Amino acid sequence: MLHTPSADLIEIFSSLQGEGELLGRRQVFIRFAGCNLDCDYCDTSFISRSLCLVEEDSGSGALVEYENPVPLERVVDLLKLWLKAYPGAHHSISITGGEPLLHAELLEIWLPHLRQLLPISLETNGTLPVALRLIIDHLDYVATDIKLPSVSGQSTDWQAHADFLAIATQAQCSVKVIIGENTTDDELLDAARLVQDVSPSTPMILQPVTRNNRVGVSVPRLLALQALVSAVHPEVLVIPQTHVFLGVK
Ligand code: SF4
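Computed from a predicted structure; not experimentally measured. (Residues numbered from 1 in each chain as written. Predicted model: local features only at pLDDT ≥ 70, side-chain atom pairs only at ≥ 80, totals over all residues. Heavy atoms only, no water.)

This part is about the packing of helix α5 (residues 158-168) against helix α6 (residues 185-198). Two numbers describe how α5 lies on α6: the axes approach to 10 Å, and their chain directions differ by 30°. In terms of their interaxial angle, α5 and α6 are classed as roughly parallel. The way α5 lies across α6 gives a crossing that is right-handed. In contact with W158, H161, A162, L165 and A166 of α5, α6 contributes E187, D190, A191, L194, V195 and V198. (Axes fitted to C-alpha atoms, helices over the stretch in contact; angles between N-to-C directions. Helix = DSSP H or I, 4+ residues; strand = E, 2+ residues; numbered from the N terminus. Parallel < 35°, antiparallel > 145°, perpendicular 65-115°, else oblique. Left-handed = near helix turned anticlockwise from the far one by under 90°. Contact = heavy atoms within 4.5 Å.)

Written out as structure tokens, the structure is:
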């Protein structure tokens, strides 16, 4: 582990996964700084800071500050303490952001060490296929997004999402699509066709937006969108963010 590069991190904490296929699993979350997108609904703090917030006692909610950049050795030592104190409690490590693939070259070095402790899950916006290719061999799970224009406020790079998904399926992969009241049938059908074309067995998760701790899409609209997608891509699940309701990070 000598001379491994240090990372610009936002926070390290232990919590329950509140979204997607690993819903309800307790994970170690390592949140990396920076993102290549600027989504309208973004509620994630990913701006680089001089200090990283760390929950030194897993699950306590009490935070201490580590100076950025954080050395890999410090992260590994922390996680070893957690695994010893709470054997079996953690399912995997969530590498999240921001967009963690902005740090792909560093992750290529870090992940083999972290993976000796727990399986690795990548949470990503699914737009950086070249970066994913660098680290795919070190990943157990990929939770990727397809960003629809009605929700992100940006145009969708469909080709990047397709290229990304083709690589991501080398790990256990799921595709999350956030939907709002303004989501159109056409854009959601484009997403469903893309997933069906590239990987018919990959679950597509429709996640209604959450506003003020409430699901921001009516049930009739949710069911209509579920039916629309199912006709094209039968592997579809509707799962809202649950950590919001549990009051955890
Ligand atoms: S990709 Fe995620 S972290 Fe980046 S701006 Fe969009 S919602 Fe925020």
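There is more to say, and it comes next.
What follows deals with unusual backbone geometry. Most of the time, phi is negative for any residue but glycine, and the peptide bond is trans. That bond from N68 to P69 is cis: its omega, -5°, falls within 30 degrees of zero. Within the secondary structure, P69 sits in the loop between β4 (64-67) and α1 (72-85).

Time to look at the pattern of salt bridges. What the rule picks out here adds up to seven salt bridges. In this structure, R115 and D140 form a salt bridge, with 3.0 Å as the shortest nitrogen-oxygen distance. Placement of the pair is R115 in the loop between α2 (104-114) and β6 (120-124) and D140 in the loop between α3 (129-135) and β7 (141-145), with a sequence separation of 25 residues. Taking the relative accessible area as the measure of exposure, D140 reaches 26% and is therefore partly exposed. Through salt bridges with shared partners, one network takes in E19, D145, K147 and K176. (Salt bridge = Lys/Arg side-chain N within 4 Å of Asp/Glu carboxyl O. Buried < 20%, exposed > 50% of the residue type's maximum accessible area, 1.4 Å probe, protein only.)

Moving on, we get to the environment of L78. By the secondary structure assignment, L78 is in helix α1. Assessed through its relative accessible area of 4%, L78 is described here as buried. Sequence spacing of L78 and A131 is 53 residues, and the spatial spacing of their C-alpha atoms is 27 Å.

The next thing to look at is the pairing of strand β3 (residues 51-54). Side chains of β3 alternate between two faces, with C52 and V54 buried and L51 and L53 left unburied. Here strand β1 (residues 9-16) runs beside β3; their pairing, made up of two bridges, is parallel. Residue I12 lies in a different strand from β3, and its bridge partner there is V54. Of the strand pairs in this sheet, β3 and β4 are connected by four bridges, and their pairing is antiparallel. If you follow V54 over to β4, its bridge partner there is V64. (Pairing = 2+ DSSP bridges.)

So, about the packing of aromatic side chains. Here the distance between the centres and the angle between the planes together describe a pair of aromatic rings. Going through the model one piece at a time under the given rule, you end up with two aromatic pairs. Ring plane angle 10° and centroid distance 5.0 Å describe the contact between F13 and F29, whose orientation is recorded as stacked. Of this pair, F13 sits in strand β1 while F29 sits in strand β2 (residues 26-32), and the two are 16 residues apart along the sequence. This pair shows no difference in class: F13 is buried, exactly as F29 is. When the ring of F32 is compared with that of W110, the centres are 6.1 Å apart and the planes differ by 65°; the resulting orientation is edge-to-face. Of this pair, F32 sits in strand β2 while W110 is found in helix α2, placing the two residues 78 residues apart along the sequence. Given a relative accessible area of 0%, F32 falls into the buried group. Here R26 stacks its cationic end above the ring of Y86, 5.6 Å away from the centre of that ring. (Phe/Tyr/Trp six-rings, centres within 6.5 Å; stacked < 30°, edge-to-face > 60°. Lys NZ or Arg CZ within 6 Å of the ring centre and 35° of its normal.)

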